[in-house]
Every structure is written in structure tokens, then in C-alpha cells.
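Okay, here's what each chain looks like letter by letter:
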Number of protein chains: 2
Amino acid sequence: MDERKRKVLLAIVQDFIATAEPVGSRTIAKKYKLGVSPATIRNEMADLEEMGYIEQPHTSAGRIPSVRGYRYYVDYLMKKRELTQEEEEVIRRGLDKKVRDVAKVFRRTGDLLSQLTSYTSMVLTQQGRPSKFKHIQLVSMNPTRTMVIVVMDNGAVHHRMIETPESIIAADLETLSRVLNAKLQGMNMDTIKFTLLQELYFELGRYKHILDLSLELIQDSLFLAEEDRIYLGGVFNMLTQPEFHNAERIKTMLGILEQEELLCELLSGENLDQGVTIRIGDEIEDDSEIKHYSVVAAPYTLSGRRIGTVGVLGPTRMDYAKVISVVDFLTKNLSVVLDRVLRGGGR
Amino acid sequence: MDERKRKVLLAIVQDFIATAEPVGSRTIAKKYKLGVSPATIRNEMADLEEMGYIEQPHTSAGRIPSVRGYRYYVDYLMKKRELTQEEEEVIRRGLDKKVRDVAKVFRRTGDLLSQLTSYTSMVLTQQGRPSKFKHIQLVSMNPTRTMVIVVMDNGAVHHRMIETPESIIAADLETLSRVLNAKLQGMNMDTIKFTLLQELYFELGRYKHILDLSLELIQDSLFLAEEDRIYLGGVFNMLTQPEFHNAERIKTMLGILEQEELLCELLSGENLDQGVTIRIGDEIEDDSEIKHYSVVAAPYTLSGRRIGTVGVLGPTRMDYAKVISVVDFLTKNLSVVLDRVLRGGGR
DNA sequence: TTTAGCACTCAGCACAGTAGAGTGCTAACA
DNA sequence: TGTTAGCACTCTACTGTGCTGAGTGCTAAA
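Residues numbered from 1 in each chain as written. Chains lettered and ligands numbered in written order. Predicted model: local features only at pLDDT ≥ 70, side-chain atom pairs only at ≥ 80, totals over all residues. Heavy atoms only, no water.

Some details on the nonpolar core
Most often, soluble globular proteins keep nonpolar side chains buried together rather than apart. As a reminder of what qualifies: In these notes, a set of buried Ala, Val, Leu, Ile, Met, Phe, Trp, Tyr and Cys residues joined through side-chain atoms within 4.5 Å is what counts as a nonpolar core. When accessible area is computed with a 1.4 Å probe and restricted to protein chains, residues below 20% of their type maximum are described as buried, those above 50% as exposed, and intermediate ones as partly exposed. Should any heavy atoms of two residues lie within 4.5 Å, those residues are considered in contact.
One finds Y320 of chain A together with Y73, L313 and Y320 of chain B to be the most contacted residues of the largest nonpolar core, which totals 161 residues. Beyond its immediate chain neighbours, meaning those up to four positions away, Y73 of chain B contacts L10, V13, Q14, I17, M78 and Y320 of chain B.

In C-alpha cells form, the structure reads like this:
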């Protein structure tokens, strides 16, 4: 692959990304003055096609990049793009608003992402590491109902309402809470299950019902934890892209977007542990409709630990340079914001 | 409006709902044997058109119902439809799965709704009534971080992480929690603010920082409460409807669906406090694209109090009879399930 | 009042012809 | 040997035309 071929390929990719139209030799010669005539470029294009970097939708059309062509572009030809002052500003202002609600932060992140890229954004919040039990509290809501609250050491709080016999009074619950806390401090489920259960039941036998339900909540908190949750944004936004003039393509896209599990998988691969990952067309998956699209994703962290992934889903004809820079900048900022929101500290 | 006109209108509405094609006089004469010839029916149709119940897309097409026609159909002509055994079964089984997570219940409700109707479902969870403070608990997570947990008497639990000086130990937090609980029992914000504050600060002055942040959380819990949250389901589903063969219509639909506030408004009107409400076309709103669609909605309750709304959004050519029966049955069942999940009790 | 008959309208479709973009090949040129 | 101009060829997209079929409204007869 000599220098001129590279230039031609670059021109084709750039032009196709910009216009969504197959690129002809004349266009390249005129717009990207390589100093040679269209005929020469045609020769180069024939070579590039043979090598698998570009393809022709039909005989008398220009060329479009193949997946391989995009890959080469992303790996070797694309120049890194810095965000403009303005874009950085948009992100900073978007994330800086005073929020205490994590869900809102994620939704806003998604909105920013799709607003800046005009593709669909995905924000995945992943299971934290399996966390340990920290604290349990029983609160009487009314004579027959008690709220069980479990705090995990990663900061998650789970609660559940249970029915309790009238005979139990607030003081009992207070005592129960204290005893449970003392006994269960820092335990993981195994220890709780096998070592302490009998001891507890012996001491607190008359509260068996409450104990059962409390331990059940603790167990659920330990094992089921939070489900992965995915936020989508800017679906409508993306439909302004010319590839979606056709109703069928819109439908398949929406079909993809409704398969939450698929999207979660897309974003939860181990391999995208550091930095921005780019998957193009059938690199994503070979036998799903998604192979006509591309995904750019990057993880975000909380105190250095990866707790989720941000991604952009768009047509393979995606402005990779821009998307990559936005995703990169956004995940870094998101990590900072999350530290502030979730770990307490200044507003 | 004599009996025969009614029959003709009914035939037009039913046929159009079933086929999505303008209905001609011959079709009516053949399929809905009214015992008269197409010519007679044409005369009736001319009358109905003049009265505003039906309209003609273009000269040589059949007739389609107007908004007014649908309204007449829904109010006077439509016969109530009971759910089939099978449909009831689907709903029951769908909702009966053991769940503890409310969000999941709502999502499942939406899925069922759109699955049974093949339109888009919306589930709105509304602000509970302004609730009272019930319990506060401070839990030390590590030497410099404390989790503040507030329980409201409607069962909502709010939590927030705050920074605390190292000098504070777990026992202090325990004491603080106890004192706060004793002082604040059942108070609303006004009383907390003006009567007790000084007293508290006098007694617990050295914990001013924690107090500030705790009261702030209580305040937020009281006033901001939960935001309205809306779940959408079956968007892709609805696109199988023939009206969405055209890309533009899909786009405007998605545009509508991304305006969460609009959808929330749709479902939160006071007027739909009891039973199933049907709004057709521009009855919904006159100057939005939504005027080409219809909404069927009904509230659901928790211990008798309305806490949200379930709705179906689809083309005006909607199978009203079916949708109404599904929405009705589903909201009733949902209320039962919520009682079980949220208020504790058996699984 | 109902109905048969008929002329009329119009969307939708198939078809052919055309314009334009772009190609590949060949032969001439530096 | 690489580059270029020229040219024939291909194929899509668009346009206009004519036809078909569905459906109407009107009129006159039953």
C-alpha cells in the first residue's frame, strides 16, 4: 500500500463520511487535489477494490469504503481530532449542573453524547463488584409493617417492606437491628449462612419471621445486586442521517435498540477495559442486523474502578474521529462527576 | 342519525380499523349485509360525510372515519369486548412472576400492554402524595464517609453519602440518629425548620455539618420527592402497523416519543382520575403532531390512592374495543400486584 | 325510497425513454 | 513505465405516458 493509495483511500473514506454518496474518481481528483488525473485515480481505486478496502454498490457508481477500509482508516489514516473549545464547554456545562440523582447524570450523559455526535448514545451501568454487607436497619412503619433497609459497603442501599405481627414494637426492632449488625459485620453470605445462622436463630427465635425476611433481603442484595441498566438517547436524532430515509432501515435499527440484552453485551465485553474501543460492521457481530452499524465505546470509572460503559451506535459511515474524541472526553469527565455525586463531598 | 346510518358508520369504522384501507360502498354491502344495495349505501355515506362523521382521502377512494366518527363509534356504537380467557391468562402470568423490584413490574406491564395491543405502551409513575418524615439513620461507611438514609412514611427510602470528619465514630452516629428520630418524629418540614432547629443545633452543635446535610436530605425528600418517571414499551411493535410504512411517519412518531414531558402530561391530567379515558386525534392536542394518534389511558392505584397511569398510544385507527378492555383489566391487576410488592406481605 | 346503470375521477402501476454519473479499456504521451 | 485523454459502455434515477381498477355521484326507472 503505497503513499498515493493511502491518500486515495483517505479521500474516499472522508468524502463518504461527509456526503453518504459513493465517491467517484473525478470528485477525488477535484476536491482532494492529489495532483493526478481521474484516470490514474481510477487505476488506484481498482487496486484498492481488489485489496478489499473499498467496494462498488453497482457498476456505474463510485466507491464506498468496506469494513476493512474503515478499519484501515481508523487504525492508520485518521488524524486525532481535538474537541473544539465549544464542544468541551457544552460537555462541561451539561455535566456540571448540580445533581444528586445518578440516573439523571447518566441520562444527561447520553443526551450530550447524541447531541454532539448525532448518533444514538448508550450508557451502561454495570454491576458493582460483589459488595459486602455493611448495615441493616429495621424501621417500623405502622403496627403491622416494617421496612428492612440494607446498606452495602459500596454505597448501595436496598429496602423492602415486610409484614410483621403486631406484637413487635419499635424497641424490639431497634434491638434486632443492633444484634444483627453486631453479628453480621463485614460478613459475606457464606459465613452468614453457615456459621451464624443457628446462633442467631437460637438467640432471636421469637423473631424468626423477621429474621428470615431480613436475611433474604441481604442475600438478594449480595447476589442479585443491581441489574445492569442501559440508557439510550438520541434515537430520533440519528434518524436525520441519510441512511434512515428508508423505513425498513429505521425498523431494523429500532429492532436492535429494543434488544436490551444485546446492547448490554455490546458494552460489557472485557476487552474494552481501557480506552476507547471501536468496532465496525461485522466486527461487532456477524449474524445480527447490527453488522451494518458501528460502535464506539469506552468505560468510565468510580474511584479508579470500572463501573460502566458509554457507547455510540451509528452507521458504519460514522464520523469516527469526532465520535472517538467525544467519547473519550466524556467518559473522563463522567468519572469525575460520579466521584463527586456518589462518594459524597462537595456539591 | 337513523338506524341505518349508524349501521353504515359502524361498518366503516370496523372495516377501516381492521384493514387500514378506505372503505367503499360495495365492500359494506357485501361484507356487512345491510340488505340494501351499494347505491343506497352511497347515499347514506354522502349524508354521513356531510354530517362530519366520515371523510374521503381523495375523490375516487372509499371513506375513512373522521375524529368525530371515531368518537361517535366509541361513545355509542362500539360493543364492550371482554378479554379472552387466553389474554387474561397472559396478563396474569406476566404480572404474577415473583418480583420485588417495582421498576420491573412497570416494565413488564408496558411489555404486556404493547404485546396484547401491538401499539406503544406508556406507564407513568407519579409523585406519591407529599409524605411525612418517618425515620433517619446515619451509617458510617468508612472513617470519613457517612451514609444518610431517610425513610418516608409512604415507604420511599432516600439515601446520600456525605463526608464526615474522622473524629466522629460509629457510636456518635448512632446517638445522633436516635436523637434526630426522637425529635423529628412525624414532623413536616415547616415544624422541623422553625420550631426544632435551634433546639437541635444547641444540643448537637458539634455535629453541625452532619446535621446540615441530614436536614438537607430530609428536605429534598419531602419536597422534590420522586420525579415522574415514564416507561415506554413496544415501539418497534407498533411499527408493524401499516400506517408506518412511510419513513416520515415513523420519524414524527419517534419525535413524539422522545418528548417525555409531553407524554407525562398526556397521562397526568386530572380528568382521567377514574376509569379508562379515550382521546382521539386532535382531542389530545391540536397543534402537535400527536393529533394524528389516539391515547387510551387509565390510572392505577396503591391502597386505593391513584399513583400513576397506564396508557396506550397508537394511530387513530386503533382497535379501541380491544385496547380499552386490556387497559382496564391491566390497571386493575397492576393495582393488586403493587399492593403486594410495595406494601409487603406474601410474595 | 331504492336501485341499476353509466360517466367520471383518481391513485397506483408498469413501461419506455432519457440524462447523468461513473467506470474500464486502449492508445498515446513524457 | 507510469500517467493521461478519450471513448464506449453500464447502470441508476427520474420523467412522462397510458392503462387498470376501485370507487364515486348522478340520473332515471322501478
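Quick word on the side chain of S335 of chain B
Which entries qualify depends on this criterion: Starting at the N terminus, helices and strands are each numbered in turn, a helix being any DSSP run of H or I of at least four residues and a strand any DSSP run of E of at least two.
With respect to the helices, strands and loops of the structure, S335 of chain B is situated in helix α13 (residues 320–342). Once residues within four sequence positions are removed from consideration, S335 of chain B is found in contact with Y300 and T301 of chain B.

A closer look at the protein's contact with DNA strand C
Short version of the rule: Nearness here has a simple test: a residue counts as near a molecule or strand if at least one of its heavy atoms is within 4 Å of that partner. Whenever two N or O atoms come within 3.5 Å, that pair is a polar contact, provided that in protein one can donate a hydrogen and the other can accept it, and provided that, for residues adjacent in sequence, both atoms are side-chain atoms.
Around DNA strand C, the structure places 20 residues, and the nearest of them are S25 of chain A together with R4, T40, T59 and S60 of chain B. Restricting attention to atoms of DNA strand C within 4 Å of the protein, one finds that 74% of them are sugar or phosphate atoms. Contacts to DNA strand C include S25 of chain A, whose side-chain N or O atom sits 2.7 Å from a phosphate oxygen. Here a base oxygen of DNA strand C and a side-chain polar atom of R42 of chain A are 3.0 Å apart. When residues of the surface near DNA strand C are traced back to their parent elements, those giving at least two are α3 (38–51) of chain A together with α3 (38–50) of chain B.

Digging into the pattern of salt bridges
Quick reminder of the rule: One side-chain nitrogen of Lys or Arg within 4 Å of one carboxyl oxygen of Asp or Glu is enough to make a salt bridge.
Tallying each qualifying case throughout the model produces 34 salt bridges over all chains. For the salt bridge of K5 of chain A with D47 of chain A, the shortest nitrogen-to-oxygen distance reads 3.3 Å. Remark: D47 of chain A occurs in helix α3 and K5 of chain A occurs in helix α1 (residues 3–19); sequence separation between them is 42 residues. Salt-bridge contacts for R81 of chain B lead to E87 of chain B; the nearest nitrogen and oxygen are separated by 3.2 Å. According to the relative accessible area criterion, R81 of chain B is partly exposed, its value standing at 27%. Salt bridges sharing partners connect three or more residues here, namely D2, R4, K5, E44 and D47 of chain A.

Quick look at the interface of chain A and chain B
The cut-off we apply is this: Reported buried area values correspond to the accessible surface (1.4 Å probe) lost by two parts on association, with both partners' losses combined. Just so you know the grouping, Ala, Val, Leu, Ile, Met, Phe, Trp, Tyr, Cys and Pro go in nonpolar, Asp, Glu, Lys and Arg go in charged, and all remaining residues, Gly too, go in polar.
Each partner contributes residues to the interface: chain A has 44 residues there, and chain B has 44 residues. Together chain A and chain B conceal approximately 3900 Å² of surface at their shared face, both sides included; 57% is due to carbon and sulfur atoms. Here chain A and chain B share nine residue pairs in polar contact (both at pLDDT 80 or more) between them. Elements supplying a minimum of two residues to the side of chain A that touches chain B: β4 (133–142), β5 (145–152), β6 (157–163), α7 (170–184), α10 (235–238) and α11 (247–257) of chain A. Among the residues making up the side of chain A that touches chain B, the classes are represented as 17 nonpolar, eleven polar and 16 charged.

Side note on the protein's contact with DNA strand D
Within the structure, DNA strand D sits among 21 residues, and R4, T40, T59 and S60 of chain A together with S25 of chain B are positioned closest to it. Here DNA strand D approaches the protein such that, of its atoms within 4 Å, sugar and phosphate make up 77%. Measuring from a phosphate oxygen of DNA strand D, one finds a side-chain N or O atom of S25 of chain B at 2.7 Å. A distance of 3.0 Å separates a phosphate oxygen of DNA strand D from a polar atom in the side chain of R63 of chain B. Those elements that place two or more of their residues in the surface near DNA strand D are α3 of chain A together with α3 of chain B. Looking at the surface near DNA strand D residue by residue, the classes come out as four nonpolar, 13 polar and four charged.

Brief notes about α3 of chain A
Residue and element names in this part refer to chain A. Under the convention used in this document: Every helix has an expected span of 1.5 Å times one less than the residues it contains.
If you check α3, its first and last C-alpha atoms are 20 Å apart, about what 14 residues at 1.5 Å a residue would give, namely 20 Å. On its buried face, α3 sits against α1, α2 (25–31) and β1 (54–55). Phi turns positive one or two residues past the end of α3, at G52, with a value near 90°.

Remarks on the environment of K80 of chain A
Residues and elements named next belong to chain A. By secondary structure assignment, the location of K80 is in the loop between α4 (67–77) and α5 (85–96). Residue K80 is classed as exposed on the basis of its relative accessible area of 78%. Each C-alpha atom, one on K80 and one on K322, is 8.4 Å from the other, the two residues being 242 residues apart in sequence.

Some details on unusual backbone geometry
Glycine aside, residues mostly have negative phi angles, and peptide bonds mostly take the trans form. All names here are of chain B. In this structure, A20 takes a positive phi of about 65° despite not being glycine. Relative to the helices and strands, A20 resides in the loop between α1 (3–19) and α2 (25–31). Of note, S118 is a non-glycine position whose phi angle comes to about 55°, a positive value. Assignment of secondary structure puts S118 in the loop between α6 (102–117) and β3 (120–125). Judged by relative accessible area, which is 22%, S118 ranks as partly exposed.

Brief notes about the packing of aromatic side chains
Residue and element names in this part refer to chain B. Worth spelling out the cut-off: Aromatic contacts are taken between Phe, Tyr and Trp rings whose centres are within 6.5 Å, Trp giving its six-membered ring; a plane angle under 30 degrees counts as stacked, one over 60 as edge-to-face, and the others as tilted. Lysine NZ or arginine CZ positioned within 6 Å of the ring centre and within 35 degrees of the ring normal marks a charge as sitting over the ring.
All chains considered together, the criterion is met by twelve aromatic pairs over all chains. Relative to Y293, the ring of F244 has its centre 6.3 Å away and its plane inclined at 10°; by these criteria the two rings are stacked. Placement of the pair is F244 in the loop between α10 (235–238) and α11 (247–258) and Y293 in strand β9 (residues 293–302), with a sequence separation of 49 residues. For the pair F244 and Y293, one class covers both residues: buried. One residue, R68, lies across the ring of Y53, its end atom 4.6 Å from the ring centre.

Remarks on the packing of α5 of chain A against helix α6 (residues 102–117) of chain A
Working note: a packed helix pair is described by the angle between its axes plus the distance between those axes. Residues and elements named next belong to chain A. To keep things clear, this is the line we draw: To get an axis, fit a line to the C-alpha atoms, keeping to the stretch in contact for a helix; angles then go from 0 to 180 degrees between the N-to-C directions. Note that the term roughly parallel is reserved for angles under 35 degrees, roughly antiparallel for angles over 145, roughly perpendicular for angles of 65 to 115, and oblique for everything else. For any helix crossing, the convention is left-handed if the near helix is rotated counterclockwise from the far helix by under a right angle, and right-handed if that rotation is clockwise.
At a closest axis distance of 10 Å, the pairing of α5 and α6 adopts a crossing angle of 160°. Put simply, α5 runs roughly antiparallel to α6. For the element pair α5 and α6, the recorded crossing hand is right-handed. Taken together, the residues of α6 that come into contact with α5 (itself represented by E87, V90, I91, G94 and L95) are R108, T109, L112, Q115 and L116. Residue composition of the contact of α5 with α6, grouped by class: five nonpolar, three polar and two charged.

Some points on the sheet that holds strand β9 (residues 293–302) of chain A
Residues and elements named next belong to chain A. Let me state the cut-off plainly: Strands are treated as partners if at least two bridges between them are detected by DSSP.
The five strands are arranged β7-β3-β10-β9-β8 in an open sheet whose pairing can be described as antiparallel. Bordering the open sheet on either side are β7 (229–233) and β8 (277–280), each of which pairs with just one other strand. Direction aside, neighbouring strands of the sheet carry axes that sit 20° apart on average. In this sheet, strand β10 (residues 305–315) lies alongside strand β3 (residues 120–125) in antiparallel orientation, the contact comprising six bridges. Paired with L124 across the bridge in β10 is T309.

Let's talk about the relation of the copies chain A and chain B
Just so we agree on the cut-off: What sets the superposition is a least-squares fit of C-alpha atoms, and only residues with pLDDT of at least 70 in both copies go into it.
Expressed as a screw operation, the relation of chain A to chain B combines 0.1 Å of axial shift with a rotation of 180°, fitting to an RMSD of 0.2 Å. The relationship between the two copies is best expressed as a two-fold rotation axis. Taking C-alpha positions as the reference, the residue of chain A nearest the rotation axis is A247 of chain A, at 2.2 Å. Residue by residue, 98% of the interface of chain A is reproduced at the interface of chain B, so both copies engage with the same surface.

Some remarks on the pairing of β5 of chain A
All names here are of chain A. Counting buried positions along β5 yields eight of eight residues, so the element is predominantly enclosed. Residue alternation in β5 divides its side chains into two sets, R145, M147, I149 and V151 and T146, V148, V150 and M152, and both sets are buried. Bridge count between β4 and β5: eight bridges; the pairing is antiparallel. Opposite N142, over in β5, you have R145 as the bridge partner. Between β4 and β5, which pair antiparallel one after the other, the connecting turn spans two residues. Sheet topology note: the β5/β6 ladder contains seven bridges and is antiparallel.

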